[in-house]
Amino acid sequence: PFYLPNKSGNVKIDFYAVDNVNNKTNSDGSHNVGKKYMQSYMDLDGPILSYNFYGKTMKINDTTYLNPSTKILLNAKDSESGVKNITYTIDQGELYDYSKGFTVQEDGLHKIEYYGYDNVNNSSENNLFFKIDGTGPEIIPQFSMKPIGSTTKGNVEYKIFPKHVILYISAFDNMVGAKTILYSINNSAEKTYTS
């Protein structure tokens, strides 16, 4: 056995045979005898790997934030021998075979390591980091004055305010900030809070 060149691309291998009285195969290849050759291709590179997201995302500085329902899509391309499969781990856990987009549910920072294999077992690896934000903003209501009294109906205590009281509403979000605040009075249609 002999090794082929350690370089990607076409390889032409010429060969001939010599017998015990020093006759060798004709080099012109006539009448099916002569120098023979075999054309081969050396594939030494693993697939080119990439990823994408399907769903809500937000990038702040160098951190990408995902919703727990956002799908993570892994891609591999190999123009030489073709892609055989992709495998991946989440936070250095169990190794999975990739077949379709998947989600990560737990809030916080996560790392996906993924590996692509071609049909002659060359491999490539890549990774991605992201944070899952599955917690909505905290609503902070504030009245412009203290209540002037209270009343109880059933087991619920209600604060009483004068009709000129103003209600301010703000929202606080730990990771990506609040986008909009919506409100409804007595089950009416929702409106966007502006002031």
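Anything mentioned here points back to the structure above.
Report on the accompanying structure. (Residues numbered from 1 in each chain as written. Predicted model: local features only at pLDDT ≥ 70, side-chain atom pairs only at ≥ 80, totals over all residues. Heavy atoms only, no water.)

Re the side chain of histidine 110
The criterion, for reference: Secondary structure elements follow DSSP: runs of H or I no shorter than four residues count as helices, runs of E no shorter than two count as strands, and numbering proceeds from the N terminus. The buried label applies to any residue whose accessible area, calculated with a 1.4 Å probe on protein chains only, is under 20% of its type's maximum; exposed applies above 50%, and partly exposed to all values in between. Two N or O atoms form a polar contact when they lie within 3.5 Å of each other; inside protein one atom must be a possible hydrogen donor and the other a possible acceptor, and for residues adjacent in sequence the pair counts only when both atoms belong to side chains. For this analysis, residues touch if any pair of their heavy atoms sits within 4.5 Å.
Here histidine 110 is to be found in strand S9 (residues 108-118). Relative accessible area serves as the criterion here: at 4%, histidine 110 is assigned to the buried category. A polar contact is formed between the side chain of histidine 110 and the side chain of aspartate 91, at a distance of 2.7 Å. Only 2.6 Å separates the side chain of histidine 110 from the backbone oxygen of glutamate 106, close enough to count as a polar contact. In this structure histidine 110 touches Asp91, Val104, Leu128, Phe129, Phe130 and Ile132, once residues within four positions along its chain are discounted.

Considerations on the pattern of salt bridges
The cut-off we apply is this: We count a salt bridge whenever a side-chain nitrogen from Lys or Arg sits within 4 Å of a carboxyl oxygen from Asp or Glu.
If you walk through the whole model with that rule in mind, you get one salt bridge. Across the pair lysine 111 and glutamate 113 runs a salt bridge, and its minimum N-O distance is 3.9 Å.

A short note on the pairing of strand S7 (residues 83-90)
Here is the rule we go by: Strand pairing requires that DSSP identify at least two bridges connecting the strands.
Pairing geometry for S7 and S9, over seven bridges, is antiparallel. Considered in S9, the bridge of valine 83 is made with aspartate 118. Linking S7 back to strand S8 (residues 95-97) in an antiparallel pair, the connection comprises four residues, with aspartate 91 at a positive phi of about 55°.

Details of the nonpolar core
The test is simple: Nonpolar cores were defined as sets of buried Ala, Val, Leu, Ile, Met, Phe, Trp, Tyr and Cys residues, with membership established by side-chain atoms within 4.5 Å.
Ranked by internal contacts, the top residues of the largest apolar core, which has 15 residues, are Ile72, Leu74, Phe102 and Phe130. Listing elements by their share of this core, those giving two or more residues are strand S3 (48-54), strand S6 (71-77), S7, S9 and strand S10 (123-132). No other element matches the three residues that S10 contributes to this core. Each residue touching phenylalanine 130, except ones within four places of it in the same chain, is listed here: Thr64, Leu66, Ile72, Val104, Gly108, Leu109, His110 and Ile112.

Observations concerning the sheet that holds S10
Formally: The axes used here are C-alpha line fits, helices contributing only the stretch in contact, and every angle between their N-to-C directions lies in the interval 0 to 180 degrees.
Strand order in this open sheet of six strands is S4-S5-S10-S9-S7-S8, and the pairing throughout is mixed. The sheet is open, and its two borders are formed by strand S4 (57-60) and S8, each paired with just one other strand. Across the sheet, the axes of successive neighbouring strands diverge by a mean angle of 35°, strand direction being ignored. Sheet topology places strand S5 (residues 63-66) next to S10; two bridges connect them, and they run parallel.

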